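Chain residues, written in single-letter form:
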Amino acid sequence: MAVYTLLFLAVYVLAPIAILLVFLFWQPRHALWSVPISTVPFLLVYWRDFLYYESRRLGLLFLAVQATVTAILALVIRIAAKRRQWPSPSRTPFYTL
């Protein structure tokens, strides 16, 4: 039971957060791409649940909630990136004099 819970937390919570952080530091204006990218691991891990007719609605509910929360956080990142100019990694020096 604990392995299933850890797998659920990793796929449902940690994967979208990690993907959003990657887009935050890499390309904040493309942060909305994190929504379909974060749903792929969830679909891969829980594909058998989508095929079983009694748990399909519950799986779709979890997927919709995850996609909605990820989309809201991606929009917040995108709006924050528009308001603040993030320094480009190629322009920032490794040291300051």
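Scroll up to find the structure.
Residues numbered from 1 in each chain as written. Predicted model: local features only at pLDDT ≥ 70, side-chain atom pairs only at ≥ 80, totals over all residues. Heavy atoms only, no water.

1. Some thoughts on the packing of helix 1 (residues 2–26) against helix 2 (residues 34–45)
Between two packed helices, both the angle of their axes relative to each other and the distance between the axes serve to describe the pair.
For step 1, the next point in the chain: In the contact formed by helix 1 and helix 2, the axes pass within 9 Å of each other and the chain directions differ by 160 degrees. In terms of orientation, helix 1 lies roughly antiparallel with respect to helix 2. The chirality of how helix 1 crosses helix 2 is right-handed. Contacts between helix 1 and helix 2 involve Leu7, Phe8, Val11, Tyr12, Pro16, Ile19, Leu20 and Phe23 from the first element and Ser34, Ile37, Ser38, Pro41, Phe42 and Val45 from the second. (Axes fitted to C-alpha atoms, helices over the stretch in contact; angles between N-to-C directions. Helix = DSSP H or I, 4+ residues; strand = E, 2+ residues; numbered from the N terminus. Parallel < 35°, antiparallel > 145°, perpendicular 65-115°, else oblique. Left-handed = near helix turned anticlockwise from the far one by under 90°. Contact = heavy atoms within 4.5 Å.)

2. Some thoughts on the side chain of Ser34
For step 1, the next point in the chain: Within the fold, Ser34 resides in helix 2.
For step 2, the next point in the chain: Apart from the residues lying within four places of it in its own chain, the contact partners of Ser34 are Ile19, Leu20, Phe23, Thr70 and Ala74.

3. Some details on the side chain of Ser38
For step 1, the next point in the chain: Within the fold, Ser38 resides in helix 2.
For step 2, the next point in the chain: A residue is classified by how much of its surface remains accessible, and Ser38, at 0% relative accessible area, is buried.
For step 3, the next point in the chain: The residues touching Ser38, leaving out its near neighbours within four places in the chain, are Pro16, Ile19, Gln66 and Thr70. (Buried < 20%, exposed > 50% of the residue type's maximum accessible area, 1.4 Å probe, protein only.)

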